[in-house]
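A closer look at the structure
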Amino acid sequence: MMLLLLVACNSGQAQQQTPASTSGANAQQLLQQSEQQLTAARTLHAVVTIQIDGETYQGALTSEIWKAAPARSRSLILRSTLSDFPVGELTVSNGEKLWIYNPARHIVYAGSINSQGGSALFGSSSNPVNQLTLNLIDPIFSQSQATLASQTVTVDGHSATVVHVTSQQSAASGPDYSGDVYLDRSNDLPIKLVLNLQGFAQVTLQLPTLELNRSLADSLFSFTPPANAQVAPLLQASATPTSGTLTLGQAEQLAGYHLLSIPSSQSDYQLEGVDVLSTASGQVFVLHYLKGDQSFSILEGKALANEPLPSGTTLTLRGTTATYSTGSDNPTLAWKEQGLGIRISGDLDEQEAIAIANQLS
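Position labels on residues start from 1 in each chain and follow its written sequence. Where totals are concerned, whole chains, interfaces and linings use all residues; where local detail is concerned, this predicted model gives features only for residues with pLDDT of at least 70, and gives and counts side-chain atom pairs only at 80 or more. Side-chain metrics rest on all non-hydrogen atoms present in the structure, leaving aside hydrogens and water.

Taking an unreviewed UniProt entry as the reference, the protein is identified by name as DUF4367 domain-containing protein belonging to Thermogemmatispora tikiterensis.

1. Quick word on the overall build of the protein
Under the convention used in this document: Per the convention used, a helix needs a DSSP run of H or I reaching at least four residues, while a strand needs a run of E reaching at least two, with both numbered from the N terminus. For the exposure calls, accessible area comes from a 1.4 Å probe over protein chains only, and a residue counts as buried if that area is under 20% of its type's maximum, exposed if over 50%, partly exposed in between. By the convention used here, residues are in contact when the closest approach between their heavy atoms is within 4.5 Å. Residue exposure ignores everything except the shown protein chains as possible cover, and the areas themselves are Shrake-Rupley values with a 1.4 Å probe.
A tally of helices and strands in the protein yields six helices and 20 strands. Counting all 361 residues of the protein, 52% fall into the buried class. Relative to all contacts within the protein whose residues are 6 or more apart in sequence, the contacts with residues 24 or more apart total 56%. Approximately 15,800 Å² of the protein is accessible, and the part contributed by carbon and sulfur atoms is 46%.

2. Side note on the packing of aromatic side chains
The criterion, for reference: Each aromatic pair joins two rings of Phe, Tyr and Trp (for Trp, the six-membered one) with centres within 6.5 Å, and gets the label stacked for planes under 30 degrees apart, edge-to-face for over 60, and tilted for any other angle.
This structure, assessed with the given rule, holds five aromatic pairs. For the ring pair Trp99 and Phe223, a centre distance of 6.2 Å and an interplane angle of 50 degrees mean the geometry is tilted. One end of the pair, Trp99, is in strand 5 (residues 97-102); the other, Phe223, is in the loop between strand 11 (201-212) and strand 12 (230-233), with 124 residues separating them in the sequence. For the pair Trp99 and Phe223, one class covers both residues: buried. Aromatic pair Tyr101 and Phe223: ring centres 6.2 Å apart, planes at 35 degrees, arrangement tilted. Highlighted residues: Tyr101 in strand 5 and Phe223 in the loop between strand 11 and strand 12, separated in sequence by 122 residues.

3. Some points on unusual backbone geometry
Here the bond from Ala69 into Pro70 is cis, since omega is 5 degrees, no more than 30 degrees from zero. If you check the backbone angles, Asp156 has positive phi at about 50 degrees while not being a glycine. Within the element layout of this structure, Asp156 appears in the loop between strand 7 (144-155) and strand 8 (158-167).

4. Observations concerning the environment of Thr43
The condition is simple: Polar contact is the term for a pair of N or O atoms within 3.5 Å; when the atoms are in protein, one must be able to donate a hydrogen and the other to accept it, and sequence-neighboring residues count only if both atoms are side-chain atoms.
Summarising the element assignment, Thr43 is placed in strand 1 (residues 43-53). Linking Thr43 and Arg214, residues 171 residues apart in sequence, is a C-alpha distance of 6.2 Å. A distance of 2.7 Å separates a polar atom in the side chain of Thr43 from the backbone oxygen of Arg214.

5. Here's the deal with the side chain of Ser93
The topology assignment puts Ser93 in strand 4 (residues 90-93). Residue Ser93 is classed as buried on the basis of its relative accessible area of 0%. In terms of polar contacts, Ser93 uses its side chain to reach the backbone amide nitrogen of Gly95, at 3.1 Å.

6. Focus on the nonpolar core
Put simply, the rule is: The set of buried Ala, Val, Leu, Ile, Met, Phe, Trp, Tyr and Cys residues whose side-chain atoms join them within 4.5 Å is what this entry labels a nonpolar core.
Grouped together as the largest cluster of nonpolar side chains are 30 residues, with contacts concentrated most on Ile140, Val163, Val165, Val181 and Leu210. Element by element, the count of residues in this core is highest for strand 11, at six residues. Judged by nonpolar contacts, the second largest core, of 29 residues, contains Ile262, Phe285, Tyr289 and Phe296.

7. Notes on the pairing of strand 11
For a regular strand, side-chain orientation follows a simple rule: the groups alternate between the two sheet faces. Quick note on the threshold: For two strands to be treated as a pair, DSSP must find no fewer than two bridges joining them.
As defined by bridge partners, strand 1 adjoins strand 11 across nine bridges and the pair is classed as antiparallel. The residue of strand 11 that forms the bridge with Gln51 is Thr204. Sheet topology note: the strand 10 (residues 190-197)/strand 11 ladder contains six bridges and is antiparallel. Opposite Leu195, over in strand 11, you have Val203 as the bridge partner.

8. Some words on the environment of Lys291
For Lys291, the position within the fold is in strand 15 (residues 282-291). With 20 residues separating them in the primary sequence, Lys291 and Leu271 have C-alpha atoms 9.1 Å apart. Those residues in contact with Lys291 that sit more than four places away from it in its chain are Asp268 and Tyr269. A distance of 3.5 Å separates polar atoms of two side chains, one belonging to Lys291 and the other to Tyr269.

9. Points about the side chain of Thr332
With respect to the helices and strands, the residue Thr332 is situated in strand 19 (residues 332-337). Residue Thr332 is classed as buried on the basis of its relative accessible area, which comes to 8%. Discounting residues that sit within four places of it in the chain, Thr332 has contacts with Thr323, Tyr324, Ser325, Arg343, Ile344 and Ser345.

Following this line, the structure appears as structure tokens:
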């Protein structure tokens, strides 16, 4: 969904609006004051609901988010009608390590990340739900043409100032949008945003809870994988997982190259879907398979071709050198082929992993 939003935000030409100089200056000042509060805060607790209404993409997502500067974060999906974001998905970062738990698949992605530093809470994030929010909020406060509406309205019991916003025509790389930002008159913080993303959808973002600089328990930013959950590596320092299950065809279209997979004629194996991990060196595609009660993942991508093979037993596989490692939570068979790095990870012994590898086409 993040990719769809980014594509939509960068399409077309910006709609022009010529604000009156006085109201424009006041509106810009209000947005700047709101942004300064968000970026200067040391902690944040928010409940965020995003509603997307478009011809081809519709749904709603509610998540609860905690952040503590410089780089600790936690988010939990409370409600969702979007298959990309399952209810109960939990993302936790202690600033050095990131965990993403998908309860529907009973899988945890875990690995080290680079601390971003700084105090900005609405800045870059290694949390997919946070990042989706950032993709919508950040340009509104920093790149908009703004004018004040004449009326004051009430939103969820709060008296709010309405600021009309449109994307700046000069910001060619910025989002193309128009809409309204509702700022709480008591503190100038956002309560609601209603944006029309040209060529995509109307997006409504509501913040029924937004608390800054409250004390947050350290336990919020630690995580222990549940018993019997599959643990898969993030694979790359500063990796940013992108939550969103794709079909194999959609994943190949996104990748721009062929992904090796188990032929559909092998009916014992069921492809559950494909996730994408966006890393510093490119995308890694994760194919989730079931065979009866046994689950495993095939991770592949050009980004992995630049990574060294995990240490382990060396063997010859598919005409090249591979390693089979049992040093992590899940044994991993790894090799490189056709410009891709490929890893099979799961509760598999060496012969089972080799048999799966030899079926890939």
